[in-house]
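Fold and contact review
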Amino acid sequence: MNKLKTTFAGLKLKSPIIVSSSGLTNNPQRILNLEKAGAGAVVLKSLFEEQISLLMNQYSQYNEYPEALDYIRSYSETWTVNEYTKLIKETKELCTIPVIASIHCISNGSWTSYAQQIEQAGADALELNISILNTSRDAVDVEKAHIEIVRSVKSQVSIPVIVKIGTNHANLVSLVDKLAGCGADAVTLFNRFYQPDINIQKLSFTAGNVFSKPEDLSNTIRWTAIVSGVLPQVEISASTGVHDWEAAVKMLLAGAQTVQICSAIYEQGDGILYEIETCIEEWMNQHSFHNLEDFRGRLNYKNIANPAMFERTQFMKYFASRENA
Ligand SMILES: Cc1cc2nc3c(=O)[nH]c(=O)nc-3n(C[C@H](O)[C@H](O)[C@H](O)COP(=O)(O)O)c2cc1C
């Protein structure tokens, strides 16, 4: 897999294929199996800001939701903060690939000091999984909240900090630019948030599919290509919708530095990692590419002066092809 080696957020990786944060990465032995299967790095299961706040007895935002607090308490009992640093230490002892810790956060608070313990436990980097759902605030305030979290964490650790965000932003390119400006070493585009559905018989909310579908890929392609074109200095880890090797190649062509995979491993097993990597290498051989730099970003939006206008004309062509059929 020599052709696949790369760097990401200052880390050296034998492959750009990273296993994303999930239940797949909450156990050192499981992670060793993923390393053996070909993972270039892993992002550990997220620790939740609420779990750290609970430890610090600071969870006032849940006072109005006793049920939520009960759930957080019981979740935290099975997955404690101390266990998280233990997971980092044990995984580092067992594995050789970079281990990226993850914190799922929604606000800037004293919990950010906990990032230092993650660094001391030996994590190679930290991914901040920021998931702020804007239900009432001004978009500018939401951007500001992201920036404050990143600034605060960056001031406390020296390991690389990667910021994982969702798709729901008023101006994604501007947000990514600002995140990089305040020290983010890379961004992960995108987290796939909880998917709500509605049960029309019970008249209640339910959870939709936990796993992504290959169709989810196109949104990741679009924004990876745009952000990579407009902000070439920002490293992107593309996440959501990668279910096969072709999808991984598309992400690299769009400009991703690395590609994260989750649902496909749940559904197809660890063997998908080796399959993706060998097929990328074969494809590289067919195209006479010697390393990832030979084609990374070749199809990003760098050469398009106005990506929004490009998308608009593509949109017209796309529907016209059907309408005139
Ligand atoms: C069962 C499951 C658990 C997940 N847990 C986390 C988590 O703890 N932290 C996080 O940042 N993302 C979590 N995710 C999201 C994934 O890391 C990933 O961003 C998302 O599934 C999209 O990638 P995919 O299309 O390859 O599945 C989880 C996803 C699944 C399916």
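None of these values were measured; they are calculated from a predicted model. (Residues numbered from 1 in each chain as written. Predicted model: local features only at pLDDT ≥ 70, side-chain atom pairs only at ≥ 80, totals over all residues. Heavy atoms only, no water.)

**Things to note about the overall build of the protein chain**
Of the regular secondary structure elements, the protein chain holds 12 helices and 13 strands. A globule of 325 residues ought to have a C-alpha radius of gyration of about 20 Å, and the protein chain, at 20 Å, matches this closely. Expressed along its principal axes, the backbone C-alpha trace of the protein chain runs to roughly 60 × 45 × 45 Å. Of the contacts formed within the protein chain by residues at least 6 apart in sequence, a portion of 70% connects residues at least 24 apart. A total of about 16000 Å² of accessible surface is found on the protein chain, and carbon and sulfur atoms cover 51% of it. If you average the places of the 28 positive and of the 35 negative side-chain charges in the protein chain, the two averages end up 4 Å apart. (Helix = DSSP H or I, 4+ residues; strand = E, 2+ residues; numbered from the N terminus. Rg over C-alpha atoms; globule rule 2.2 N^0.38 Å. Contact = heavy atoms within 4.5 Å. Areas by Shrake-Rupley, 256 points an atom, 1.4 Å probe, with all protein chains shown as cover. Lys, Arg positive; Asp, Glu negative; His and termini not counted. Charge placed at Lys NZ, Arg CZ, Asp CG, Glu CD.)

**Here's the deal with the packing of helix H1 (residues 28-37) against helix H4 (residues 81-94)**
Contact geometry for H1 and H4: axes closest at 9 Å, N-to-C directions at 40 degrees. Comparing the axis directions of H1 and H4 gives the class oblique. Both H1 and H4 take part in a crossing whose hand is right-handed. The residues of H4 that touch H1, namely those facing Pro28, Gln29, Ile31 and Leu32, are Leu87, Glu90, Thr91 and Leu94. Residue composition of the contact of H1 with H4, by class: 5 nonpolar, 2 polar and 1 charged. (Axes fitted to C-alpha atoms, helices over the stretch in contact; angles between N-to-C directions. Parallel < 35°, antiparallel > 145°, perpendicular 65-115°, else oblique. Left-handed = near helix turned anticlockwise from the far one by under 90°. Nonpolar A, V, L, I, M, F, W, Y, C, P; charged D, E, K, R; others polar.)

**Focus on the site of the ligand**
Around the ligand sit 20 residues, and of these Ser21, Ser46, Asn129, Ser212 and Ser263 come closest. Separating an oxygen atom of the ligand from a side-chain N or O atom of Lys164 is a distance of 2.9 Å. A distance of 2.7 Å separates an oxygen atom of the ligand from a polar backbone atom of Gly241. Taken by itself the ligand offers 610 Å² of open surface, and the protein chains cover 89% of this. (Near = heavy atom within 4 Å. Polar contact = N/O pair within 3.5 Å; in protein donor to acceptor, adjacent residues only side chain to side chain.)

**So, the packing of helix H7 (residues 172-181) against helix H8 (residues 217-230)**
Packing of H7 against H8 leaves a shortest axis separation of 10 Å and a crossing angle of 55 degrees. It follows from the interaxial angle that H7 and H8 lie oblique. Crossing of H7 over H8 shows right-handed handedness. Here Leu172, Val173 and Val176 of H7 come into contact with H8, specifically with Trp223, Ile226, Val227 and Val230. Each residue belonging to the contact of H7 with H8 can be placed in one class, and the counts come to 7 nonpolar, no polar and no charged.

**A few points about the environment of Ser239**
Inspection of the secondary structure assignment puts Ser239 in the loop between strand S12 (236-238) and helix H9 (245-254). By relative accessible area, which is 7% here, Ser239 ends up buried. Residues Ser239 and Lys164 lie 75 residues apart in sequence; the distance between their C-alpha atoms is 9.2 Å. Setting aside residues up to four positions removed in sequence, Ser239 forms contacts with Thr188, Leu189, Phe190, Thr220 and Gln260. (Buried < 20%, exposed > 50% of the residue type's maximum accessible area, 1.4 Å probe, protein only.)

**Side note on the nonpolar core**
Nonpolar side chains tend toward joint burial in soluble globular proteins. Formed by 85 residues in total, the largest nonpolar core has its most connected members in Ile118, Leu126, Leu128, Val153, Val176 and Ile280. If you tally residues by element for this core, the top one is H9, at 7 residues. Not counting residues up to four positions away in its chain, the partners in contact with Leu126 are Ile100, Ala101, Ser102, Ile103, Ala115, Ile118, Val153, Ile159, Pro160, Val161 and Ile162. Among the nonpolar cores identified, the runner-up in size contains 11 residues, and Phe8, Ile18, Ala125 and Ala186 belong to it. (Core = buried A, V, L, I, M, F, W, Y, C linked by side-chain atoms within 4.5 Å.)

**Examining the packing of aromatic side chains**
Summed over the entire model, instances satisfying the criterion amount to 6 aromatic pairs. With a centroid separation of 5.0 Å and an interplanar angle of 40 degrees, the aromatic rings of Phe211 and Tyr266 are classed as tilted. With Phe211 in the loop between strand S11 (204-207) and H8 and Tyr266 in helix H10 (residues 263-268), this pair connects stretches of sequence that are 55 residues apart. Among the aromatic residues, those joined into a cluster by ring pairs are Trp283, Phe289 and Phe295. (Phe/Tyr/Trp six-rings, centres within 6.5 Å; stacked < 30°, edge-to-face > 60°.)

**Focus: unusual backbone geometry**
In the segment running from Leu189 into Phe190, the intervening peptide bond is cis, with an omega of 15 degrees. For Phe190, the position within the fold is in the loop between strand S9 (186-189) and strand S10 (196-199). In this model, Ala9 sits at a positive phi of 50 degrees, which is unusual for a non-glycine residue. Along the chain, the position of Ala9 falls in the loop between strand S1 (6-8) and strand S2 (11-13). What makes Ala9 buried here is its relative accessible area of 7%. Of note in this structure, Leu203 is not a glycine but carries a positive phi near 50 degrees. Structurally, the position occupied by Leu203 is in the loop between S10 and S11. Given a relative accessible area of 74%, Leu203 falls into the exposed group.

**Here's the deal with the environment of Tyr84**
With respect to the helices, strands and loops of the structure, Tyr84 is situated in helix H4. The class for Tyr84 is buried, based on a relative accessible area of 0%. Only 2.7 Å separates the side chain of Tyr84 from the backbone oxygen of Lys45, close enough to count as a polar contact.

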